[in-house]
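Analysis of the macromolecular model
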Amino acid sequence: QKAADQGNAYAQNNQGLCYEEGVGVERDPVEAVALYQKAADQGYAGAQNNLGTCYMNGIGVERDPVAAVALFQKAVDHGHAEAQVNLGFC
């Protein structure tokens, strides 16, 4: 929590995962998206991939496949293998 509050992208992404899945906190997909967005804005590929998954599946946001593809592509450009798989399913 403290690291995420201080702007650490890795921590923001991990905290987003906790909110998305309800691990240690009450499940809150909207908060998960907000945290993923903060980390993605810093160029963190894992968060770009997770945020893309949220947009692809309408988790915490309205479903937007175009935004999902753009986020997956950003993550792929940073070498994120899972995002490459996700992009292949689009």
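Within each chain, residues carry numbers counting from 1 in the order of the written sequence. Reporting of local features is limited, given that this is a predicted model, to residues whose pLDDT is at least 70; pairs of side-chain atoms are given and counted only at 80 or more, and all residues count toward the totals for whole chains, interfaces and linings. The basis for every side-chain value is the complete set of heavy atoms in the structure, and neither hydrogens nor water enter the calculation.

1. Quick look at the packing of aromatic side chains
Which entries qualify depends on this criterion: Note on ring pairs: Phe, Tyr and Trp rings are taken, using the six-membered ring of Trp, and paired if centres are within 6.5 Å. Classes follow the plane angle, with under 30 degrees stacked, over 60 edge-to-face and the rest tilted. By the criteria applied, helices consist of DSSP H or I runs no shorter than four residues and strands consist of E runs no shorter than two, each listed in order from the N terminus.
Enumeration according to the criterion identifies 1 aromatic pair in this entry. Pairing Tyr-10 with Tyr-44 gives two aromatic rings, centres 6.1 Å apart and planes at 85°, and the pair type is edge-to-face. In this pair, Tyr-10 sits in helix α2 (residues 9-21) while Tyr-44 sits in the loop between α3 (29-41) and α4 (45-57), placing the two residues 34 residues apart along the sequence.

2. Some points on α4
Short version of the rule: One fewer than the residue count of a helix, multiplied by 1.5 Å, yields its expected span. The rule is simple: take the accessible area with a 1.4 Å probe, protein chains only, and divide by the maximum for that residue type; under 20% is buried, over 50% is exposed, in between is partly exposed. By the convention used here, residues are in contact when the closest approach between their heavy atoms is within 4.5 Å.
For α4, with 13 residues, the first-to-last C-alpha span of 18 Å sits near the 18 Å given by 1.5 Å per residue. For α4, the buried fraction is high: 11 of the 13 residues fall into the buried class. The set of residues buried in α4 consists of Ala-45, Gly-46, Ala-47, Gln-48, Asn-49, Asn-50, Leu-51, Gly-52, Cys-54, Tyr-55 and Met-56. Residues of α4 that are buried in the fold lie against α2, α3, α5 (65-77) and α6 (81-88). Following α4 by one or two positions, Gly-58 adopts a phi angle in the positive range, close to 65°.

3. Here we look at the packing of α4 against α5
To keep things clear, this is the line we draw: Each axis is a line fitted through C-alpha atoms, and for a helix only the stretch in contact is used; angles between axes span 0 to 180 degrees, taken between their N-to-C directions. Our angle categories are set so that under 35 degrees counts as roughly parallel, over 145 as roughly antiparallel, 65 to 115 as roughly perpendicular, and the remainder as oblique. Handedness of a crossing is defined here by the sense of rotation of the near helix relative to the far one, left-handed for an anticlockwise turn of less than a right angle and right-handed for a clockwise turn.
Orientation of α4 relative to α5, taken along the N-to-C sense of each, is 165°, at an axis distance of 8 Å. Here α4 is positioned roughly antiparallel relative to α5, judged by the angle of their axes. Of the two elements, α4 crosses α5, and the hand of that crossing is left-handed. Side by side, α4 and α5 meet where Ala-45, Gln-48, Asn-49, Leu-51, Gly-52, Thr-53, Tyr-55 and Met-56 of the first sit next to Pro-65, Ala-67, Ala-68, Leu-71, Phe-72, Lys-74 and Ala-75 of the second.

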